[in-house]
Amino acid sequence: VRQALKDLYDNDNDNDNSTDVNSTPRFSRARAIVLRKAKSLQNSRARLDDDSSFTHIPTNATATNRTDGNGTAYYNNSSYISSLQQRTLKAKQVFLDRMNLVSSTLLNSERDAVVENTTSTSQIMIDGDDNIDDGKQDDVVTLQSDLLRPGRKIFVVTTAAIPWFTGTSVNPLLRAAYLNRMTRKINHEHNNMSANSSVIGENEDLNATSCDAPGRMVTLVIPWLELESDRLELYGPNHNFTSPEDQETYIRAWLRDEADMPQEADPTTGIRILFYPARYHSGLKSIFAMGDMSSLIDDADADVCILEEPEHLNWYRAPGDGWTKKFHYVIGIIHTNYVDYASSHYTGLWTAPAIRVMSKAMVRAYCHVVIKLSDTLQTFADEKERTSNVHGVRLDFLKEGQRRADEYYQTHGGCASDESGNEPQKEGFEKDDYGPKDNQVEESSVTSSTGADVYFIGKLLWAKGLDKMLDLEQHYKEWTGDYFAMDVYGNGPEELAIKRAFEGREGLSTRAKKHYPYDSDEVTSETQIDNINQNQTMEFRMYGEENSTGLFSSHMAKISKHIHATTENIKSTKESIETDFPRSFQEFRKDPIPSSFPGRVDHALLSEYKVFVNPSESEVLCTTTAEALAMGKFIIIPVHPSNTFFMQFDNCLSYSNKLEFVANLHWALHNEPSPLKSEQRRLLTWEAATERLVSASAITRGEAKAREELGRSKIDDRIVWFHKQLGAGARGDLFRKVLGAGPVSDQVAYELSKQQLSSEDEGSEDERENEQGLSIKFAGSSLAEAIRSTLINAGPGYSF
C-alpha cells in the first residue's frame, strides 16, 4: 500500500503534462493494488462496523470527463489520495475494535452514557402536532432527558444533611422540595387531561411510571453518620440524633418552618428521605458514604438521578453498579472548586494535579450531563457540559428584600410597579404576604455592635478572600484616611489567625489579658481549699466513722476536680504563650481595623446591613452573595467567572482593581440600594432555578446524534470498569488508604461485615428448633421428609 501510494503521488505530479493519466500502466497497477488492499481492510472490519460509505469510489473525489478503458469515470488523484488516507487511518482502528470485543466481556453490562435518540412527549404536546418538521427534529428534546415528562421519579443524592448548614445540604434539600412541587403539578395536569380526553398520545406508553401518587415522586438521598462521635463533632450536642428517623423529623420541621414549605415537608405527600450509611472525615472536613449507596435504591424506581457533587460521591465509593447502569438519566451538578481547594491543602489525594484528573474521570464516567454553576470550574467532559446557576434562595431573603423595597418607596415616593404600571406579583408568596410573618425577621434581626454598614459572612478561611479584604481595607484608608468598619460573621479553622490579623499590633496586649491563666472561675484559691478541707473534717466528725468511706470518695472526687482545673490552667497558659507569636505580617499593622467577629449566625437575620463585601475568587457560585442580593443590599464583588450571574443585577457593584473597589464602596455607603425589579427578583427564586435545571438538563436529538458520532461512551465504560477494579477487594481498601480516605478506606471490609451479619441473622432463623428439637431448616428438607416417610412405613411407635 505504501508503494502504491508513492506511485499515485508520483503520477499526480505529472498530471498536468499527461493527456491520459488513467492509461499509464504504473498508475493502473498502483490503483489496483490500493483498491485490493482497501477492500481487504473493509472486509475485516465489516462485522464490527457497518460502514456503508466505504466503497471503491471515494465519496469526496471530483469526477472528470476522462474514463478508463472500461468506461469507469476517473477521479482527481489528490482527492482520491486524501480519501484513501482517511480510510487507512480508519482501518488502523480495527485492532482497537477487536480488543474492544475482548475487553467488553470483562466489563459490567454498563448502560452507555449516551442519550437515547427518541422524541419527547412534552415537546410534541407543546407544539400541538405530532408531525414535527424534519428541519426541527434535531431541536426536539429526547425522552430520556426530559424532566417535564409526567410520571418521572427523581432521586437527589448529596454529600451532607442539615443540621450541618452547608451548601451541599441546604441547596439539595430545597431542590428536592421544589422538584416535588413541579412534578406534583405536572402529574396533576396530566391526570386531569387524561381523564377529560379519550385519546392518548402514541408516545404515552413511554412514561416510566403511573401518576397515581404524584406527591411521592422525588427522593432526597442523604448521609446518616453511623458513629456518635461523628454526629457530635459535626452537629454538636444539641443535635445528637439517636436514629435516622430523629434526623428526618428535624429536617422536615426545618423545611416546614424555615423554608415555609409545609406540603413538601409532609411525610405522606412531600418528598421521601432515604439515608445511606456514612462517616465523617475530619481531615478533609467531608462526609463519605460507607458501602454501595446505589444498592439502596429499588431498580424499578431508578429513573432520574441528580448527583450533587458527583466527583465527591464517587472518589472513595465502594465497588458497585455504575450510576448510568442503575438510572435511565444521570445529572451531575458541580458545587465546589476542589482543584483550587487542593492547591493549598496537601493531604493524601488532595493535591491539585491528582484531584483534577480524578474528578474529571468520575464526573464524565458517571453522568449523562454535567451542570457547572460557573465557568470557574475545570473542564470535565466537553460534550456533556453546560453552565447554569441552578440554585435559588429561601423565601426569607426575598421577603426581606420586599420589606426594604416598601421602605424605599415610602421614603422616596412612588410604588413598586412593573412597566405596565401594575404592582408585580411576587414569586413564591401571595400578594398580601410580602413582608415577614409577624415581623419575625425584624424582631430577631442581628444588630452590629460596631455600627457598621458593611459585613461579610462565610467560613473563616484565608481562601475565602479575607487576605484580600485586608489589602482592600488598607487601600481604602490610603484614599479616604480611615478604614471602613465591618462585621465578619462565621467560623472556621483559621478564625483565630484572621481575628489577629484584623487586630494588628494593638491586639497583643488584649490577647495577653484574655489568656491570663489565673481566672477566678477556673482557679480555686488556697483559702477556698482550706475551707473545703475544714468542711470535710466537720462532716467526718458529724456523721462518724460509718460514713468515712463515702466522705473519702467525695474528698477524692474534689481533689480530682482540682487536678483537672490545674491541668486546664497549664494548657491555657501554654496556649496564651503560643498565641502571642505573630502568625501573619498583617499583625504588625500599627492600627487595628474596626471590626467584630460575632460568630456563626443565620444570614436571614442580618437585615440591618446595607453593603455585603465578598472578595473571594475561590467560589464556584457564592450562595451568600445571592442571598444578599435578594435582601435588596449592595454587593461588592470582583470581576470573576464565579460572579458572572450576579453582574446583571442593578445593586451589583463589581470591581477589577483596588481603586474601583474604593469608588464602589464609597458610593454604596453614601447611597441607598434600589429595589429589585420583578424580573430580577424572580431570577433568584427556586422556581426559576428549577426551570433553569430543566433547561440545562435537556438534551436535543441533534446533540444526542453528535455524541453518538464522537463515540466517547466506550471511554466512560472503561473508566467505570477500571474504577471498580481498583476499588475491589482488600487491595481496594489499601488503595483508598494510600489516597487519603482515612476512616472510609475499608469499604470492602465494611460490605463483608454487613453480609456476615446478615448471614448470621439468617442462620439464627434456620437454627431455631421445632417441637421435636430439630432444626426448622433440617425438618423441612427433602432428606428429613424421606426419613419421616420411611419410619412411618416401618410401623407404629416411630415419629419424626
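The coordinates are above.
Overview of the structure. As the structure is a computational prediction, the values presented were derived from the model and not from experiment.

This part is about the overall build of the protein. The secondary structure content of the protein amounts to 30 helices and 16 strands. Put simply, the protein has 800 residues, and 45% of those count as buried. Carbon and sulfur atoms make up 51% of the accessible area of the protein, which amounts to about 40800 Å² in all.

Attention now goes to the nonpolar core. Core analysis: the biggest nonpolar cluster contains 116 residues, and Leu-255, Trp-323, Ile-331, Phe-646 and Leu-684 have the highest contact counts within it. Within the second largest apolar cluster, 27 residues are counted, among which are Leu-460, Tyr-483, Ile-593 and Ile-636.

With parallel pairing, 6 strands are arranged side by side in an open sheet as E13-E12-E11-E14-E15-E16. Every interior strand has two partners, whereas the edge strands, strand E13 (595-599) and strand E16 (652-655), have only one. Each neighbouring strand pair of the sheet contributes to a mean axis angle of 25°, computed without reference to strand direction. Summarising the sheet, strand E15 (residues 634-638) and E16 pair through 4 bridges and their orientation is parallel. By the bridge assignment, Ile-637 is partnered in E16 with Ser-654. Docked against the sheet, helix H21 (residues 623-630) engages strand E11 (454-457), strand E14 (611-613), E15 and E16, running at close to 150° with respect to E15.

A few words on helix H22 (residues 658-669). Over its 12 residues, H22 extends 17 Å from the first C-alpha to the last, a length consistent with the 16 Å expected when each residue adds 1.5 Å. Regarding H22, the residues found buried are Phe-661, Val-662, Asn-664, Leu-665 and Ala-668. Down the axis of H22, the buried set is contained in an arc of 170°. They therefore lie on one face. Contacts made by the buried residues of H22 are with E11, helix H16 (466-480), E14, E15 and E16.

Turning to the sheet that holds strand E8 (residues 329-334), a few remarks are in order. Reading across from one edge, E6-E5-E4-E3-E7-E8-E9-E10 is the order of the 8 strands in this open sheet, with mixed pairing throughout. Bordering the open sheet on either side are strand E6 (286-289) and strand E10 (385-387), each of which pairs with just one other strand. The mean angle between the axes of side-by-side strands here comes to 30°, regardless of whether they run parallel or antiparallel. On the sheet, helix H7 (residues 228-235) packs against strand E4 (218-225), strand E5 (272-281) and E6 and is oriented at approximately 105° with respect to E4. Against the sheet, helix H8 (residues 244-257) contacts E4 and E5, and its axis sits at roughly 115° relative to E5.

This paragraph deals with the pairing of E5. Among the 10 residues that make up E5, 8 are buried, leaving the element largely enclosed by the rest of the structure. Summarising the sheet, E4 and E5 pair through 7 bridges and their orientation is parallel. Note that in E5 the partner of Leu-220 across the bridge is Ile-273. Here 4 bridges tie E5 to E6, and the two strands are oriented antiparallel to one another.

With that settled, the discussion passes to the packing of aromatic side chains. Summed over the entire model, instances satisfying the criterion amount to 21 aromatic pairs. In textbook terms, an aromatic cluster arises when at least three aromatic residues are bridged by ring pairs, as seen for Tyr-455, Tyr-489, Tyr-609 and Phe-612.

As a further point, take the pairing of E8. On a regular strand, one side chain projects to one face of the sheet and the next to the other, so that they alternate. By the criterion of burial, E8 is predominantly enclosed, with 6 of the 6 residues buried. Burial along E8 is two-sided: the residues Tyr-329, Ile-331 and Ile-333 and Val-330, Gly-332 and Ile-334 are all buried. Examined bridge by bridge, strand E7 (residues 304-308) and E8 share 5 bridges and lie parallel to one another. Across the sheet, the residue bridging to Glu-308 is Ile-333, located in E8. Examined bridge by bridge, E8 and strand E9 (residues 369-372) share 4 bridges and lie parallel to one another. By the bridge assignment for E9, Gly-332 is matched with Val-370.

This brings us to the pattern of salt bridges. Two side chains that carry opposite charge are able to pair once their charged atoms sit near each other. One pass over the full model with this rule turns up 33 salt bridges. A salt bridge links Glu-407 to Arg-403; the shortest N-O distance between them is 2.6 Å. Of the two residues, Glu-407 and Arg-403 both sit in helix H14 (residues 395-412), 4 residues apart, roughly one turn of that helix. Here the residues in one salt-bridge network are Arg-364, Glu-383, Lys-384, Arg-712 and Asp-716, joined through shared partners.

Okay, the environment of Pro-244 next. Mapped onto the fold, Pro-244 is located in helix H8. In this structure Pro-244 comes out as partly exposed when scored by relative accessible area, which is 22%. Sequence separation between Pro-244 and Phe-275 is 31 residues; the distance between their C-alpha atoms is 7.1 Å.

Moving on, we get to the packing of helix H26 (residues 713-727) against helix H27 (residues 729-738). For the pair H26 and H27, interaxial distance at closest approach is 6 Å and the crossing angle is 95°. Of the possible angle classes, the one that applies to H26 and H27 is roughly perpendicular. Contacts between H26 and H27 involve Gln-725, Leu-726 and Gly-727 from the first element and Gly-729, Arg-731, Gly-732, Phe-735 and Arg-736 from the second. Tallied by class, the residues present in the contact of H26 with H27 amount to 2 nonpolar, 4 polar and 2 charged.

Now for unusual backbone geometry. The amide bond that connects Ile-162 to the next residue, Pro-163, takes the cis arrangement and shows omega of 20°. Here Pro-163 shows up in the loop between strand E3 (154-157) and helix H6 (167-196). Here Asp-260, not a glycine, exhibits a phi torsion of approximately 60°, which is positive. Within the fold, Asp-260 resides in the loop between H8 and helix H9 (262-265). Under the relative-accessibility criterion, Asp-260 is labelled partly exposed at 25%. Notably, Glu-309 is not glycine yet its phi reads approximately 65°, a positive angle. Note that Glu-309 resides in the loop between E7 and helix H10 (310-314).

Criteria and cut-off values
- Residues numbered from 1 in each chain as written.
- Predicted model: local features only at pLDDT ≥ 70, side-chain atom pairs only at ≥ 80, totals over all residues.
- Heavy atoms only, no water.
- Helix = DSSP H or I, 4+ residues; strand = E, 2+ residues; numbered from the N terminus.
- Buried < 20%, exposed > 50% of the residue type's maximum accessible area, 1.4 Å probe, protein only.
- Areas by Shrake-Rupley, 256 points an atom, 1.4 Å probe, with all protein chains shown as cover.
- Core = buried A, V, L, I, M, F, W, Y, C linked by side-chain atoms within 4.5 Å.
- Pairing = 2+ DSSP bridges.
- Axes fitted to C-alpha atoms, helices over the stretch in contact; angles between N-to-C directions.
- Contact = heavy atoms within 4.5 Å.
- Expected span 1.5 Å × (residues − 1).
- Arc of directions from axis to C-beta.
- Phe/Tyr/Trp six-rings, centres within 6.5 Å; stacked < 30°, edge-to-face > 60°.
- Salt bridge = Lys/Arg side-chain N within 4 Å of Asp/Glu carboxyl O.
- Parallel < 35°, antiparallel > 145°, perpendicular 65-115°, else oblique.
- Nonpolar A, V, L, I, M, F, W, Y, C, P; charged D, E, K, R; others polar.

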